[in-house]
Amino acid sequence: MSRRAAAATALLLLALAAAPFGLSAFAVATLTLGLCYALFTYGLDLAWGRAGLLSVGHAAFFGCGAYAVALSEEHDVPLALALVVALAAATGLALIVVRIGLASGIPDAPLILLTLGVSLLLQKAATTLTPLTNGTNGLTVSTSDVVTTYYRTLAAVVVVVGLCTWLIVRSRFGARLTAAARNPERAAQSGIDTVRVRSAAFAASGAVSAVAGALYAPVAGLVSPSVFGLGLSTSVLVWLALGGRESTLGALLGAVALTTGQQLLGTAWQGWYVLGLAALFVLLVQVVPGGLAGLVRTWLSGGAPKVTLPPSASRGGGSGAPPAFQGAEAPPVSRGGRPATPPEAGRDAALSLRGIAKSFGPVRVLDGVDLDLRPGRCVCLIGPNGAGKSTLLAIVAGQLAPDAGTLRIFGRDASGVPVHRRVRMGVGRMFQIPSVVTELSPADNIRLARMEAPARAELPEEYRDLVTDDAAAAGALPLADRRRLELAMVLAGAPRLVLLDEPAAGMGRQDALRLARELRQITVRTGCAMLVVEHDMEIVRELADDVVVLHGGRIIAHGAMDEIVADTAVREAYLGVG
Amino acid sequence: MDVLLAILSQFGLYGLLTLGVAIIFAALRVVNLAQGDLAMTGAYVAVTATTVAFGWRVLLALALCVLPLLAIERVLLRRPLADGLATMLVTWGVGMALRQGAELLFTSTSRTVAAPAGGTVELLGTPYPAYRLVSGLVAVAVIAGVLLVAYRTGWGLTMRAVADNPTMAALLGTDPRRMRSAAFVIGGMLAVLAGALYSPLLAVNPTMGFGLLVPMFFALLFSRPGALGTAVTAALLVAALAVLLRTWLTDTLADALFYIVIIGTAALRSRSHVRRLLSWSRRILSPARSS
């Protein structure tokens, strides 16, 4: 696949380099314009395709670049300075926009709104600041001859796309981005700072778009406020939707083809052409969301997953690192590698909770929970529905912040530490509904988990098959296998504190008991601590060293299974009898 | 007084649009990106059908839009799309088609339509254009009516139930699909009404929808999903901000400041420490049991 892609790229570059020799001046000019728009489309792909962040006002960034060139010529500012300022402005704007957008749980609507607002605002500014920008008439930009412009544009496009491919798409950053855009929850739980990765991609998208705008200015010869316009923003969405997201060639070819079509049709039919594009867009989004590239990919790949991690992802995170796990007796090692301070009360615990409280509105879900969990121990958390078990797990993992209380993980205060940093401290988590990156193959999922792992962990024998399973996307697996994969991902992350939310839910009796025995073995072998929420008492009996009963937000009993069964408070909580 | 009337007029426009988009969002979980373009369509009906009286033109616009809206919902938004984003993009495409269609039919030059009630009325000593007052009052009456229906009738309760939890509502015997169609048609009609009603006050051109989309979106951003009352309140705040800035400053500066204030507020609201501060202040104001 990659060899074929390389050959296709080389052929395409050769054809592009030879193009001016066989084409008329008009055709070369059209192709140059197409290349500018192609780079713009590629820029949008970094945001909408790679980072999964839709922008409907991407012309805002394009216009920054175009106006930088025009203004530098009009007001005799060095071009390089203007370009640097434009790039900084586009990147800065993109960062502000994406940070605000990602701060909300579902970034789609805020991002649409903000990008729309920013591009309208810039267009308004360009229209009204007449002394600077010459208003609606725009600024003229001097052009050189067609062929020189063509080669300059081509060279810039090749350099920018090459750089982005190397730095953003094919790198480990690209692997992180792939996961963060598809399943932020699992990506964070694999140690990836999803907000940072996605914001960086969006900022890069803004910068690439600005470069495209800067290339566009001398090609068009005129820069008017419409370069910020929503017409252009919409066109670029259509080009990308047709070409196909997350495909470099698709984005570039989609833009070149549609731009050429528009230029060839001439002004009389322009209106109808755009109307046709609108209809095409609605159709594409509904019927072929992957665009042409998606169709080709489906055709080439057969049943294999259409999304893969770049090869750089398989360079493991902790190669040559110290042994994966500390034994139960070994003191925890702090991040700097030096031994942690001698144990004090509660300091040698893998997890230590003191007075954890959490309310949702008026409902007090957790009301002062104290809990210590030592390495190598497995504690099962039981309790009636609504007791606060899942909330407690989410607080330990970092998805929720407690209202009060302290939380220490391996002796370090972790109250304000975000999810992905807790993962690097050694926390691994399985969700109640299995959360894996469904578009990637099982092997890629494991690679992802290993990428950010603090140390290299060998998987137990019964999970080894997943490491090489590249045949189909993980989303095609049945529920039980997806759960198995999620557990394998957690284990591949070399965790020292494992949090499991009903690991046996939806499994048959035999499978569930086997899973319990496997988990038990893992704690023994690796010395990791385990905190498990479980309803099934048979599994609890198989799995737990200690059982903790949560009721009404408080721990009402803590001890071995037999003590718990005999405890009157527990019987009262479960059965309502003394 | 002048300012208050201007706010009333602006609120009528933004309120209708925001309420419409909030209804659609509640029932379909989709931000209707074509809302501004629907208003544009309504305005063009009012501009072109000059043979009948203005009031009839508004009703005509409303009557004409029902079937197309129903068709859009049935044909384009009904498909089980993979994610909400795809549906949102479909509405973007619909808006794009409407815009381009208007440009082909009417060219991109702005048109105006004469106000049906000319002259000014004297209000507490301030002269004010009569039609601005009338349109504002009609819009506010419609908004109040819709809210009343939403919060005081069985149909409104059903709609809010579907908005809150479609699966549960379906289990309780509501047909969520019918509710979605109805909500889309009503939300779209509110936009068409806004466009037609305010056409004498606006420059009618194919891209007028964009200008309306942004304040409407801001209002939606500050409202709670499914809570129509908060959407209307947010629209009022946005209208007041826009009008006040415009009375003090020049147009461009006012617009720029408007965006900056709104985006700044959104940014501040999203910062976790500000959110924490807010929740603290709430806790201090209503002291509960503290551990």
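Chains are numbered independently. Their residues run from 1 in the order of the written sequence. Numbering of ligands from 1 and lettering of chains from A proceed in the order in which they are written. The predicted nature of this model means local features are confined to residues of pLDDT at least 70 and side-chain atom pairs, given and counted, to a pLDDT of 80 or more, with totals for whole chains, interfaces and linings taken over all residues. Side-chain metrics in this entry use all non-hydrogen atoms of the structure; hydrogen atoms and water are not considered.

K.L.:
Got a sec to walk through the interface of chain B and chain A? Specific residues and values, please.
P.N.:
How big an interface is tends to be reported as the loss of accessible area on association of its parts. Here a residue-residue contact requires only that any non-hydrogen atoms of the pair lie within 4.5 Å. Between chain B and chain A, the contact holds 37 residues from the first and 34 residues from the second. Overall, the association of chain B and chain A removes approximately 3,400 Å² of surface from exposure, summing both partners, and the carbon and sulfur fraction of that is 78%. Ranking the residues of chain B by area buried against chain A places B:Leu89, B:Trp92 and B:Met96 at the top, with a combined share of 18%. The term salt bridge refers to a pairing of a side-chain nitrogen on Lys or Arg with a carboxyl oxygen on Asp or Glu at a separation within 4 Å. Run the count over chain B and chain A and you get zero salt bridges. For this analysis, a polar contact is any N or O atom pair within 3.5 Å, provided that within protein one partner can donate a hydrogen and the other can accept it, and provided that sequence-adjacent residues contribute only side-chain to side-chain pairs. If you look at where chain B meets chain A, you find zero residue pairs in polar contact (both at pLDDT 80 or more). Two parts lose some accessible area (1.4 Å probe) when they are put together, and adding that loss for both gives the buried area.

K.L.:
Account for the nonpolar core, naming residues and giving values.
P.N.:
Throughout this description, the term nonpolar core refers to a set of buried Ala, Val, Leu, Ile, Met, Phe, Trp, Tyr and Cys residues connected via side-chain atoms within 4.5 Å. Buried, partly exposed and exposed residues are distinguished by accessible area as a fraction of the type maximum, computed with a 1.4 Å probe on protein chains only: under 20%, between the cut-offs, and over 50%, respectively. Grouped together as the largest cluster of nonpolar side chains are 235 residues, with contacts concentrated most on A:Leu39, A:Tyr42, A:Trp48, A:Phe202, A:Met530, B:Leu19 and B:Phe218. Note that the domain bounds were set by an automatic or database domain assignment. Lining this core are residues from two domains, each supplying at least three of them: domain 1 (2-248) and domain 2 (251-291) of chain B. Ignoring anything within four residues of it in the chain, the contact list for B:Leu19 reads B:Ile143, B:Val146, B:Leu147, B:Leu190, B:Leu228 and B:Val232. Ranked by size, the runner-up nonpolar core spans 31 residues in total, among them A:Leu353, A:Leu393, A:Leu497 and A:Val533.

K.L.:
Tell me what's going on with the packing of helix α8 (residues 172-182) of chain A against helix α10 (residues 194-220) of chain A, and back it up with residues and numbers.
P.N.:
Residue and element names in this part refer to chain A. To get an axis, a line is fitted to the C-alpha atoms, and for a helix only the part in contact is used. The angle between two axes follows their N-to-C directions and goes from 0 to 180 degrees. A run of H or I in DSSP counts as a helix once it spans at least four residues, and a run of E counts as a strand once it spans at least two, with each numbered from the N terminus. Close contact between α8 and α10 brings their axes to 9 Å; oriented N to C, the two are set at 110 degrees. In terms of orientation, α8 and α10 fall into the roughly perpendicular class. Taking contact as the criterion, the partners of Phe173, Arg176, Leu177, Ala180 and Ala181 in α8 are, on α10, Thr194, Val197, Arg198, Ala200 and Ala201. The classification used treats Ala, Val, Leu, Ile, Met, Phe, Trp, Tyr, Cys and Pro as nonpolar, Asp, Glu, Lys and Arg as charged, and all other residues, Gly among them, as polar. Taken together, the residues of the contact of α8 with α10 sort by class into seven nonpolar, one polar and two charged. Orientation labels follow simple angle bins: below 35 degrees gives roughly parallel, above 145 gives roughly antiparallel, 65 to 115 gives roughly perpendicular, and whatever is left gives oblique.

K.L.:
I'd like to hear about the environment of A:Leu240, residue by residue, with values.
P.N.:
All names here are of chain A. One can find Leu240 in helix α11 (residues 230-243). What makes Leu240 buried here is its relative accessible area of 0%. Separated by 200 residues in sequence, Leu240 and Phe40 have C-alpha atoms that sit 9.7 Å apart. If we ignore the near neighbours within four places in the chain, the residues touching Leu240 are Thr41, Leu44, Asp45, Trp48, Arg245 and Ala251.

K.L.:
Hey, could you go over the pairing of strand β3 (residues 351-360) of chain A for me, with residue numbers and the actual values?
P.N.:
Residue and element names in this part refer to chain A. Burial of β3 is extensive: seven of the ten residues sit out of reach of the surface. Following DSSP output, two strands are said to pair if at least two bridges run between them. Bridge analysis of β3 against strand β4 (residues 363-373) gives eight bridges, and the strand direction is antiparallel. Bridged to Ala357 within β4 is Asp367. Here β3 folds back onto β4, and the loop between the two strands holds two residues, one of which, Gly361, carries a positive phi near 60 degrees.

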